[in-house]
Amino acid sequence: MEITKKNFAEQFENFNKDLKRSCFVGFDAEFTAILSGECFKHRLFDTNEERYDRIKTEVSKMIMTQVGLTVFQYDREHDSYVAVGYTFHLCPQAFGCVDQAFIFQASTLRFLCKHNFDFNKFTYEGLPYLSKAEEANVHQQLKDKSLFNELNTTLEIDDEKQIQNYCSEVSKWLHTSEEGTMYLDVQNPLLRYILHNELRMRFPNVLTTDSLGNSNKVLIYRDKYVEGATSAPMAILEENLLFHLKGFSQIIDLLALYKKPIIGHNIFLDTVLIHNQFIGPLPKKYSDFKKNINNIFPIIFDTKYISHEMRNKLTYDEVWKSNSLRDLYEFFSEGKCKKLESGVNFIRLSTPFNVKQSYHEAGWDSYCSGYCFIRLGHWAACENMGKYRPVGPTEKLTAMAPYCNKVNIIRGAVPYMNLVGEDPPRHRPDLLHVKSVKERVINIGKVAFALSSYGVVDVKAYGKRTALVAAHSHHTADKILKQFKNNSDYKISMYRAYKHSTAGRMTIWGGAIITGGLLVLLLTKKVHK
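Residues numbered from 1 in each chain as written. Predicted model: local features only at pLDDT ≥ 70, side-chain atom pairs only at ≥ 80, totals over all residues. Heavy atoms only, no water.

Participant: Sorry, what's going on with the overall build of the protein here?
Facilitator: For the protein, the count of helices and strands is 20 helices and 18 strands. Its C-alpha atoms give the protein a radius of gyration of 31 Å, clearly above 24 Å, the size a compact globule of 529 residues would have. Put simply, of all contacts in the protein between residues at least 6 apart along the chain, 71% involve residues at least 24 apart. A total of about 27,200 Å² of accessible surface is found on the protein, and carbon and sulfur atoms cover 53% of it. Each charge class in the protein was averaged separately, 68 positive and 58 negative side chains, and the resulting centres sit 13 Å apart. (Helix = DSSP H or I, 4+ residues; strand = E, 2+ residues; numbered from the N terminus. Rg over C-alpha atoms; globule rule 2.2 N^0.38 Å. Contact = heavy atoms within 4.5 Å. Areas by Shrake-Rupley, 256 points an atom, 1.4 Å probe, with all protein chains shown as cover. Lys, Arg positive; Asp, Glu negative; His and termini not counted. Charge placed at Lys NZ, Arg CZ, Asp CG, Glu CD.)

Participant: Whenever I open this one, the packing of helix 5 (residues 132–143) against helix 9 (residues 234–246) confuses me. Can you help?
Facilitator: Two measures define how a pair of helices packs: the angle their axes make with one another and the distance between the axes. Interaxial distance between helix 5 and helix 9 falls to 12 Å at its minimum, and their mutual angle equals 160 degrees. One element, helix 5, and the other, helix 9, form an angle in the roughly antiparallel class. When you trace helix 5 past helix 9, the crossing you get is right-handed. Counting all contacts with helix 5, which are made through E135, V138, H139 and L142, the residues of helix 9 involved are E238, L242, L245 and K246. Of the residues contributing to the contact of helix 5 with helix 9, the split by class is 4 nonpolar, 1 polar and 3 charged. (Axes fitted to C-alpha atoms, helices over the stretch in contact; angles between N-to-C directions. Parallel < 35°, antiparallel > 145°, perpendicular 65-115°, else oblique. Left-handed = near helix turned anticlockwise from the far one by under 90°. Nonpolar A, V, L, I, M, F, W, Y, C, P; charged D, E, K, R; others polar.)

Participant: Whenever I open this one, the environment of Y221 confuses me. Can you help?
Facilitator: One can find Y221 in strand 9 (residues 217–221). Judged by relative accessible area, Y221 falls into the buried class, the value being 9%. A C-alpha to C-alpha distance of 8.4 Å links Y221 and S231, two positions 10 residues apart in sequence. Apart from the residues lying within four places of it in its own chain, the contact partners of Y221 are W173, G180, T181, V206, L207, T209, V226, E227, G228, A229 and T230. (Buried < 20%, exposed > 50% of the residue type's maximum accessible area, 1.4 Å probe, protein only.)

Participant: Looking at this structure, how should I read the layout of surface pockets?
Facilitator: Of the volumes computed, that of the largest pocket is approximately 1,400 Å³. In this structure, the largest pocket is lined by 44 residues; those nearest its centre are Q187, N188, P189, L190 and H244. Taken together, the elements giving at least two residues each to the lining of the largest pocket come down to helix 1 (8–21), strand 5 (94–95), helix 4 (119–125), helix 8 (189–202), strand 8 (207–210) and helix 9. The element that contributes the greatest number of residues to the lining of the largest pocket is helix 8, accounting for 7 residues. Considered class by class, the residues forming the lining of the largest pocket number 23 nonpolar, 14 polar and 7 charged. (1 Å grid on protein atoms, 1.4 Å probe; cavity = no way out; pocket = protein on both sides within 12 Å on 5 of 7 lines; lining within 4 Å. Points joined across faces, edges and corners; volume = space filled by probe spheres on them.)

Participant: Help me out: how do you make sense of empty space enclosed by the protein in this one?
Facilitator: Where empty space is left can be seen by rolling a probe of water-molecule size over the atoms. Evaluation of the coordinates by the stated rule reveals 2 cavities of 30 Å³ or more. Space inside the largest cavity adds up to approximately 50 Å³. What lines the largest cavity is simply F27, I262, I267, T271, I274, I293, F297 and I300. In terms of residue class, the lining of the largest cavity is made up of 7 nonpolar, 1 polar and no charged. The space that makes up the second largest cavity amounts to roughly 40 Å³. In terms of lining residues, the second largest cavity is bounded by F27, I252, L255, I262, I274 and F297.

Participant: How should I be thinking about the packing of aromatic side chains in this particular structure?
Facilitator: How two aromatic rings sit relative to each other is set out by the distance from centre to centre and by the angle between their planes. All told, the structure shown has 32 aromatic pairs when counted by the stated rule. Relative to Y367, the ring of W364 has its centre 5.5 Å away and its plane inclined at 40 degrees; by these criteria the two rings are tilted. One end of the pair is W364 and the other is Y367, both in helix 15 (residues 362–385) and 3 residues apart, which spans about a single turn. Among the residues examined, W364 registers a relative accessible area of 14% and is labelled buried. (Phe/Tyr/Trp six-rings, centres within 6.5 Å; stacked < 30°, edge-to-face > 60°.)

Participant: Help me understand helix 2 (residues 48–59), please; the structure alone is not making it clear to me.
Facilitator: Each α-helix winds once per 3.6 residues, and so residues spaced three or four apart point in a common direction. Within the sequence span of helix 2, burial applies to N48, R51, Y52, I55, K56 and V59. Buried residues of helix 2, seen end-on, are gathered within an arc of 130 degrees and therefore sit on one face of the element. The inward-facing, buried residues of helix 2 abut helix 11 (268–279), helix 12 (286–296) and strand 14 (416–418). (Arc of directions from axis to C-beta.)

Participant: When you look at the packing of helix 7 (residues 157–176) against helix 8 in this model, what are you seeing that I'm missing?
Facilitator: One can describe the packing of helix 7 onto helix 8 by two numbers: an axis separation of 10 Å at closest approach and a directional angle of 45 degrees. Comparing the axis directions of helix 7 and helix 8 gives the class oblique. Crossing angle aside, the handedness with which helix 7 passes helix 8 is right-handed. In this structure, helix 7 uses D159, I163, Q164, Y166, C167 and V170 to contact helix 8, whose residues at the interface are L191, I194, L195, E198, L199 and R202.

Participant: Mind showing me how you'd approach the environment of Q162 here?
Facilitator: For Q162, the position within the fold is in helix 7. By relative accessible area, which is 29% here, Q162 ends up partly exposed.

Participant: Sorry, what's going on with the sheet that holds strand 7 (residues 181–185) here?
Facilitator: Consider a sheet: its strands pair through backbone hydrogen bonds, and that pairing is either parallel or antiparallel. Spatially, 7-9-8 is the arrangement adopted by the 3 strands of the open sheet, whose pairing is antiparallel. Looking at strand neighbours, the two that pair on one side only are strand 7 and strand 8, the edges of this open sheet. Adjacent strand axes in the sheet meet at a mean angle of 25 degrees, parallel and antiparallel pairs treated alike. Here strand 8 pairs with strand 9 via 4 bridges, running antiparallel. When the bridges of strand 9 are listed, D210 appears paired with V218. On top of the sheet, helix 7 reaches strand 7 and strand 9; it is set at about 165 degrees to strand 7, its chief contact. (Pairing = 2+ DSSP bridges.)

What follows is the structure, given as structure tokens:
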């Protein structure tokens, strides 16, 4: 189901009920920028902290335009799952002193067009949102009674004219009509809030409230003596305004409230964007970032990391083609997993996705992530029990516990980000040190090309004539050392800080000088004796 400004209010409670009944939630998001540029290159040298430090400034310019959430509910009677999918369309907002900014790359536009992204829905119908930091600021302005003035002074000319027209209509009604009530149709929630305040200031005797039958209509009573006259408390008007301003952020609040396990696929960047867009500016410390994410979502599973670990249990002929979400989903949905030929749970979509549905649409991808998690969890649970039989959600979650809160890291020095503790140690081989024998200035591209035939490597300059190499595997590193043992162009060895770093060499030379000085001193004393 697609959720926009038009149906958010009416579907909010339905999502709340669906989420409350669920056992876990599939998640996916689409962004306004494709990760290009030097800071987004995945390098085998990087620790997670180094990668976070490098991307946090650029990521703060990006936003999620779509968020897909699929809630999976377990039907115990039929031992099956019902999946209810939601695609939320988001768009930044501007009001008062808030003016949310983002970048939209041309390459991203091309990518989104290819996958049938609806730009009109994004622009005209996208849901607003507030980060926790922005929400706190709005609450403070409401407390200080300064929000109305802030909104009023930043109105666009057309909106200002509209407010004036509404007030003129009310003035004319008060002077020319004897009717006790009148209605004004005000679609924009911000204008509705401003109008309530403006009418109460300009016409002290009138009472205003939102119409019970239609929240877009403002009901105005001539005075308190009109039968049934009531004036909505300011707290209610502020609550209605906040419901609009927070928009999708209320969905994030519900996810945090119910603490359902969140299932995504390759969601390192998603967690960074979630923090920036819905919590607040990214903290300087990587450890604070992890802590903040874990406080809101204490249970996260990444099917990219899980599938990478579990594929080692299959033979070459049994395993899926790649760890991409599409290949993984098709592997399980087409019954290619020989481990799960019987006893698997049936998974039914309550509302089928559009027939033109494609990957890279957030709702569909969130369903695929949850689907794969169910199959991987079933397999893991049966492996633990030593037999294949029907498995419920609790057994699946228990079997998947070793993978909980471990988020996949693409082509890095460590395999995953641990959201509840220290990240694991480096799992790549030690770095290699390359020294150019013939060239006065080492050519990094040439070195990378020379080593590429032996496996996946990353190369970076280390000095005028030297470079460091990070190899994907021990097999690759060993092969390079063996092949270049007697090479006439490059001298390659295991990197040792004490030997190859400037600080290490200075320490050795410093030690040698001190030792030599002491020996001279001792010899001098013996001669004088």
